[in-house]
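Examination of the molecular architecture
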Amino acid sequence: MPGDSSNKEKAVLSVSKDDEDEAELARMGYKQELRRELSLLQNFGVSFSIISIITGIPSLFLYGLNTGGPAVMVWGWIIVSCMTMLVGLAMAEICSAHPTSGGPYYWAAMLANPESAPLASWITGWFNLLGQVAVTTGISFACANFLSTVAELGTSFVPSPKTTIGIYAAVLVSQGLINTFGVHLLKYLNNVSIWWHSLGTTSLVIAVLVRAPKHQSANFVFRTFIDGTGVNGNEGWGTRASHAYVCIIGILMAQYTLTGYDASAHMTEETHNAAMAGSVGIIIALGVSAVLGWFLILGLLFSIQDLETTLSSPTGQPVAQIFLDTVGEKGAIVLMVIVIGAMYFCGTFSVTSNSRMMFAFARDGGIPGHKFLRKVDVKRGNPVRTVWLACTLSFSRLQFSAATSIATIGLYISYDAFPIALRVIYRERFVRGPFHLGAFSMPVAIGAATWIAFIAIAFILPQANPVDSQTLNYSIVCVGIVALYSVGFWLISARNWFSGPIRQISAEEMGVSRTLESEMSNDERAKSS
């Protein structure tokens, strides 16, 4: 009867978004174990906080000035932002189709053919784990370095490597404690972090531009090329190889900064309307960060008072020297606190994202000790054990530029080497989600895959000349170890027991009815997309 039909439609419409999210998770074979409390804004905020342009740019500002200088920093940022947006769009499309905390390693399994799915998932998971750990290492170590620097201002304190390592450990422990006991506060800290990054970056740039005694010329900012890659009086790579080589390795500052936006995917099991919110969170986080980042780079470069003093600053941080030269010591302390606060938020949410990825990978049996690590704290609704695993693994004394290279390579290989590349190769297996690029889907995916292949090679190249034990780019060593471990362990053992993402439940067990789309064959799905 018409009335019955109308009542059924209303009943369907009355199903809450949380029920829909839980149903979608059940279709992927997982129970709702994590608390689903995040909105689109908060999902965006996690990625925005981990990208944290006010962390990445100051951390690698000296590297940028020495490796290409202002011209590469300014124009490289634009190029990297555009290419990274392609990666973000391709990732957002896959995230919408598979909104789970596993992110890239789960996507790889779903997009590969059934025979190679476990191997694709295994290797993607380990590279994603490598990148997650390295990015947390880089963020928290940068925070410790800047805390050491600000402690010098107006005091007799002289930091040593040991004190910096101690501060580094304290930062990681405190971030672990917040992720353990203050998990219910994370969504509120997230809101604070969004405003801190947005208003903090804007205030910082305005302050240095307004108070700067003089400003650099547009010619200096947009056209000056610097090759400071030679160490101990040796020639730089611009002379030994070419200026193009310096430009290629010089974009590390931009590409390292624009990482971590896969956090929106890792947080989807805690986000309402996950199939859309995770994807939109990725895109907005990248777009806002790209604009604010360029604004920050320009503000800092125009405010340099003396290039040589900035490069050889006694503080060890060119950004701190710019602050001192423009707003004085007291003003510099205020601006440094803004930067350090952003770094701390960034590291805190990096641990959050890292722990969720490890939890999901352990849930599927991909990590040694997975039976212990996959447990969720029932009282707090978060994976406490992987929180502390993330903090422990992130405590490393790697060379900072190596850590940033490893983070960039590890994360982007896990984005591309399998998920996005498999999206291109096995296009007929891809089932579109609510967020889809339509006719632009395949060109964007091909562009993203090509870019990541390029940077995966670029960032293992030598960064300083001559190459010795002190200047070697150790990213190639760490990436090689993970590659050998993941492939070697697979051949020796894992191929016998790791079958990819494990279905904890079936949708029917949860009382979830299959939709028409989920009952369609792969061929029918391909035609509909």
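Within each chain, residues carry numbers counting from 1 in the order of the written sequence. Residue-level local features of this predicted model are given only where pLDDT is at least 70; pairs of side-chain atoms are given and counted only at 80 or more, and the full residue set underlies all totals for whole chains, interfaces and linings. As a rule here, side-chain values cover all heavy atoms of the structure and leave hydrogens and water aside.

Moving on, we get to the overall build of the chain. In terms of helices and strands, the chain carries 25 helices and two strands. When burial is assessed residue by residue, the chain has 57% of its 529 residues classed as buried. Contacts: residue pairs with any heavy atoms within 4.5 Å of one another. Long-range contacts, defined as pairs at least 24 residues apart, comprise 84% of the intrachain contacts of the chain with a sequence gap of at least 6. A run of DSSP states H or I qualifies as a helix once it reaches four residues; a run of E qualifies as a strand once it reaches two. Both are numbered from the N-terminal end. Only protein chains enter the accessibility calculation, which uses a 1.4 Å probe. A residue is then buried if its area is under 20% of the maximum for its type, exposed if over 50%, and partly exposed in between.

Only Phe, Tyr and Trp rings take part, Trp by its six-membered ring, and two of them pair if their centres are within 6.5 Å. Stacked means planes under 30 degrees apart, edge-to-face means over 60, and tilted covers everything else. Under the counting rule described, the total for this entry stands at 22 aromatic pairs. Considering the side-chain rings of tryptophan 196 and phenylalanine 345, the 5.8 Å spacing of their centres and the 70° angle between planes classify their relative orientation as edge-to-face. Note that tryptophan 196 is positioned in helix H10 (residues 186–211) and phenylalanine 345 in helix H18 (residues 318–363), a separation of 149 residues in sequence. Residue classification places tryptophan 196 among the partly exposed residues on the basis of a relative accessible area of 30%. The cationic tip of arginine 363 hangs over the ring face of tyrosine 30; the distance from NZ or CZ to the ring centre is 3.8 Å. Remark: a charge is flagged as sitting over a ring if the NZ atom of Lys or the CZ atom of Arg is within 6 Å of the ring centre and within 35 degrees of the ring normal. Of note, arginine 385 hangs over the ring of phenylalanine 372, and the distance from its end group to the ring centre comes to 4.1 Å.

The next subject is the nonpolar core. Side-chain atoms within 4.5 Å link the members of a nonpolar core, which is a set of buried Ala, Val, Leu, Ile, Met, Phe, Trp, Tyr and Cys residues. Within the largest apolar cluster, 129 residues are counted, with the highest numbers of intra-cluster contacts made by Ile57, Phe61, Leu300, Leu301, Phe323 and Ile420. In terms of residue count, H18 provides more of this core than any other element does, 19 residues in total. Residues contacting phenylalanine 61, with those up to four places away along its chain left out, are Met73, Met253, Leu300, Leu301, Pro318, Val319 and Ile322. Ranked by size, the runner-up nonpolar core spans nine residues in total, among them Val46, Ile50, Ala263 and Phe345.

Moving on to unusual backbone geometry. Excluding glycine, a negative phi dihedral is what most residues carry, and trans is how most peptide bonds are arranged. Looking along the chain, the bond that leaves asparagine 465 and enters proline 466 is cis, with omega of 0°. Within the element layout of this structure, proline 466 appears in the loop between helix H22 (441–458) and helix H23 (475–492). For serine 52, which is not glycine, the phi dihedral falls at a positive 40°. Looking at the secondary structure, you find serine 52 in the loop between helix H3 (40–51) and helix H4 (53–59). Residue serine 52 is classed as buried on the basis of its relative accessible area, which comes to 1%.

Think of a salt bridge as a Lys or Arg side-chain nitrogen and an Asp or Glu carboxyl oxygen that are within 4 Å of each other. For the structure on display, the rule yields five salt bridges. Residue arginine 423 is joined to glutamate 93 by a salt bridge in which the shortest nitrogen-to-oxygen separation is 3.7 Å. Separated by 330 residues along the polypeptide, arginine 423 in helix H21 (residues 400–425) and glutamate 93 in helix H6 (residues 69–97) bring together distant segments of the chain. Assigned by exposure class, arginine 423 and glutamate 93 land together as buried.

Expected span of a helix, by definition, is 1.5 Å for each gap between consecutive residues, and there is one gap fewer than residues. With 36 residues, helix H8 (residues 117–152) extends 53 Å from end C-alpha to end C-alpha; this agrees with the ideal 52 Å at 1.5 Å per step. Buried residues dominate H8, accounting for 31 of its 36 residues. Of the residues trailing H8, glycine 154 is marked for its positive phi of about 75°.

So, on to empty space enclosed by the protein. Within this scheme a cavity is a closed region of a 1 Å grid, computed over the protein atoms alone, that accommodates a 1.4 Å probe without allowing it to escape, whereas a pocket is open but has protein on both sides within 12 Å along at least five of seven lines; lining residues each have an atom within 4 Å of a point. Grid points are joined across faces, edges and corners, and a volume is the space filled by probe spheres set on the points. If you walk through the whole model with that rule in mind, you get three cavities of 30 Å³ or more. In this structure, the largest cavity encloses a volume near 180 Å³. In terms of lining residues, the largest cavity is bounded by 16 residues, among which Glu37, Leu38, Val183, Leu186 and Glu270 are the most central. Listing elements by their share of the lining of the largest cavity, those giving two or more residues are H10 and H18. For the lining of the largest cavity, the class distribution of residues is six nonpolar, four polar and six charged. In this structure, the second largest cavity occupies an estimated 50 Å³ of space. Each residue gets one label: Ala, Val, Leu, Ile, Met, Phe, Trp, Tyr, Cys and Pro are nonpolar, Asp, Glu, Lys and Arg are charged, and the others, such as Gly, are polar.

Let us look at a positive patch on the surface. Surface patches are defined over residues having more than 30% relative accessible area and no salt bridge, joining like charges when they lie within 9 Å and nonpolar side chains (Val, Leu, Ile, Met, Phe, Trp, Tyr) when within 5 Å. Here the open area of atoms and residues is found with the Shrake-Rupley method and a 1.4 Å probe, where only the protein chains shown may cover a residue. Positive charges come from Lys and Arg, negative ones from Asp and Glu, while His and the chain ends are left out of the count. Charged groups are reduced to one reference atom each: NZ for lysine, CZ for arginine, CG for aspartic acid, CD for glutamic acid. A cluster of basic residues, Lys371, Arg374, Lys375 and Arg385, forms a positive patch on the protein surface. Assignment of secondary structure puts arginine 385 in helix H20 (residues 384–393).

Below, the discussion takes up the confidence of the model for the chain. Confidence per residue, as judged by the predictor, is encoded in pLDDT with a range of 0 to 100. Of all residues in the chain, 90% have pLDDT values of 70 or greater, and the mean over the chain is 86. When pLDDT is averaged over each helix and strand of the chain, the minimum, 34, is found for helix H24 (residues 516–519) and the maximum, 97, for helix H11 (residues 218–223). A low-confidence stretch, residues 5–15 stays under pLDDT 50, and its non-local contacts, those more than four residues away or across chains, total one contact. This model gives residues 510–529 a pLDDT under 50, and the stretch forms 28 contacts once residues within four places in sequence are excluded.

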